[in-house]
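# Understanding the architecture of this molecule
The primary structure of each chain is shown beneath.
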Amino acid sequence: MTNVTNKSNLIPAHGGYRNLKSFQTSTIVYDLTLTFCQQFVRESRMRDQMVQAARSGRQNIAEGSQASGTSKKTELKLVSVARASLEELLLDYEDYLRQHQLKLWAKQSVEAQGVRALAYKSDRTNETYKAYLENPESFANVLLCLIHQANYLLDQQLRSLEQAFLKDGGFTERLYNVRKIEHLF
């Protein structure tokens, strides 16, 4: 457990979510989901659910990061909600492909590998994937690849958050340590 010797360490630096690869990837997923749904999803309820799941994935990463200063438990919960929301969206895209008799790319397919290779570009935007967004089959498969990438990043983030919490505790433990130290003096 980290010793907290002054009150300035009670609430650590937090936020910074815009620099997280999980947030950046989730932003692309959200933006492209909006476009996909506007172009290809006719049923308004399905469209709304897909957009909301994509939005939830992105927003919960930001909210969890912002809450991390005072509650690691809340951060863990919100990042888990982001992960669950993106998993729901993943199933929506798989359903779309199946229901429209479109091909689901295999993980090792040339197309999927091409999309996955783009993850290593440092300046990715929606435009990075433009060549793949010309038809619903390719568009949905690109989003599946991106969601898998975001989920992988969120899984890594959750493991890291869990380890940090076990090692350093959260706000309650820091507060206890400050009170304990102040009581000694």
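In what follows, the accompanying structure is described.

Criteria and thresholds
Residues numbered from 1 in each chain as written. Predicted model: local features only at pLDDT ≥ 70, side-chain atom pairs only at ≥ 80, totals over all residues. Heavy atoms only, no water. 1 Å grid on protein atoms, 1.4 Å probe; cavity = no way out; pocket = protein on both sides within 12 Å on 5 of 7 lines; lining within 4 Å. Points joined across faces, edges and corners; volume = space filled by probe spheres on them. Helix = DSSP H or I, 4+ residues; strand = E, 2+ residues; numbered from the N terminus. Contact = heavy atoms within 4.5 Å. Expected span 1.5 Å × (residues − 1). Axes fitted to C-alpha atoms, helices over the stretch in contact; angles between N-to-C directions. Left-handed = near helix turned anticlockwise from the far one by under 90°. Nonpolar A, V, L, I, M, F, W, Y, C, P; charged D, E, K, R; others polar. Salt bridge = Lys/Arg side-chain N within 4 Å of Asp/Glu carboxyl O. Buried < 20%, exposed > 50% of the residue type's maximum accessible area, 1.4 Å probe, protein only. Core = buried A, V, L, I, M, F, W, Y, C linked by side-chain atoms within 4.5 Å. Phe/Tyr/Trp six-rings, centres within 6.5 Å; stacked < 30°, edge-to-face > 60°. Polar contact = N/O pair within 3.5 Å; in protein donor to acceptor, adjacent residues only side chain to side chain.

Space inside the largest pocket adds up to approximately 440 Å³. As for the largest pocket, its lining consists of 20 residues, of which Arg-116, Leu-144, Cys-145, His-148 and Gln-149 are closest to the centre. Mapped by element, the contributors of at least two residues to the lining of the largest pocket are α1 (21-40), α3 (72-99), α4 (110-117) and α5 (136-168). Among the elements that line the lining of the largest pocket, the one with the most residues is α5, at 7 residues.

The phi torsion at Gln-101 lies on the positive side, around 50°, for a residue other than glycine. Mapped onto the fold, Gln-101 is located in the loop between α3 and α4.

Another aspect to go through is the environment of Glu-111. With respect to the helices, strands and loops of the structure, Glu-111 is situated in helix α4. What Glu-111 contacts, discounting residues up to four positions off in sequence, is Trp-105 and Tyr-132.

With 28 residues, α3 should reach 40 Å at 1.5 Å per residue; the first-to-last C-alpha distance of 40 Å fits that figure. A positive backbone phi angle near 50° is found at Gln-101, which sits one or two residues after α3.

Bringing the packing of α1 against α3 into the picture now. It is at 13 Å that the axes of α1 and α3 come closest, and there the two elements cross at 35°. Once α1 is placed against α3, the crossing between them reads as left-handed. For the pair α1 and α3, the contacting residues are Ser-26, Val-29, Thr-33, Phe-36 and Phe-40 in the first and Leu-86, Leu-89, Tyr-93 and Tyr-96 in the second. A breakdown of the residues in the contact of α1 with α3 according to their chemical character gives 7 nonpolar, 2 polar and no charged.

Our focus in this paragraph is the pattern of salt bridges. Within this structure, the stated rule accounts for 4 salt bridges. Linking Arg-83 and Glu-87 is a salt bridge whose minimum nitrogen-to-oxygen distance equals 2.8 Å. Here the residue Arg-83 and the residue Glu-87 both occupy positions in helix α3, the gap between them amounting to 4 residues, near one helical turn. Under the relative-accessibility criterion, Glu-87 is labelled partly exposed at 31%.

What follows concerns the nonpolar core. Counting 44 residues, the largest nonpolar core has Phe-36, Met-50, Leu-89, Tyr-93 and Tyr-129 as the members making the most contacts within it. If you tally residues by element for this core, the top one is α5, at 12 residues. Excluding its chain neighbours within four sequence positions, the residues that come into contact with Phe-36 are Val-41, Met-50, Tyr-93, Tyr-96, Pro-136, Phe-139, Ala-140 and Leu-143.

A word on the packing of aromatic side chains. Considering all chains together, one arrives at 7 aromatic pairs under this definition. Ring geometry for Phe-36 and Phe-40: centres 5.2 Å apart, planes at 50°, overall tilted. Pair noted here: Phe-36 and Phe-40 are both in helix α1, with a separation of 4 residues, about one helical turn. Comparing Phe-36 with Phe-40 shows no difference in burial state: the two are buried. Ring plane angle 80° and centroid distance 6.0 Å describe the contact between Phe-40 and Phe-139, whose orientation is recorded as edge-to-face. One end of the pair, Phe-40, is in helix α1; the other, Phe-139, is in helix α5, with 99 residues separating them in the sequence. Exposure class is identical for Phe-40 and Phe-139. Each is buried.

This part covers the side chain of Ser-22. Of note, Ser-22 is situated in helix α1. For Ser-22, a relative accessible area of 2% gives the class buried. Not counting residues up to four positions away in its chain, the partners in contact with Ser-22 are Ile-61, Leu-153, Leu-154 and Gln-157.

By secondary structure assignment, the location of Ser-109 is in the loop between α3 and α4. Residue class for Ser-109 comes out buried when judged on its relative accessible area of 13%. At 2.9 Å, the side chain of Ser-109 forms a polar contact with the backbone oxygen of Ala-106.

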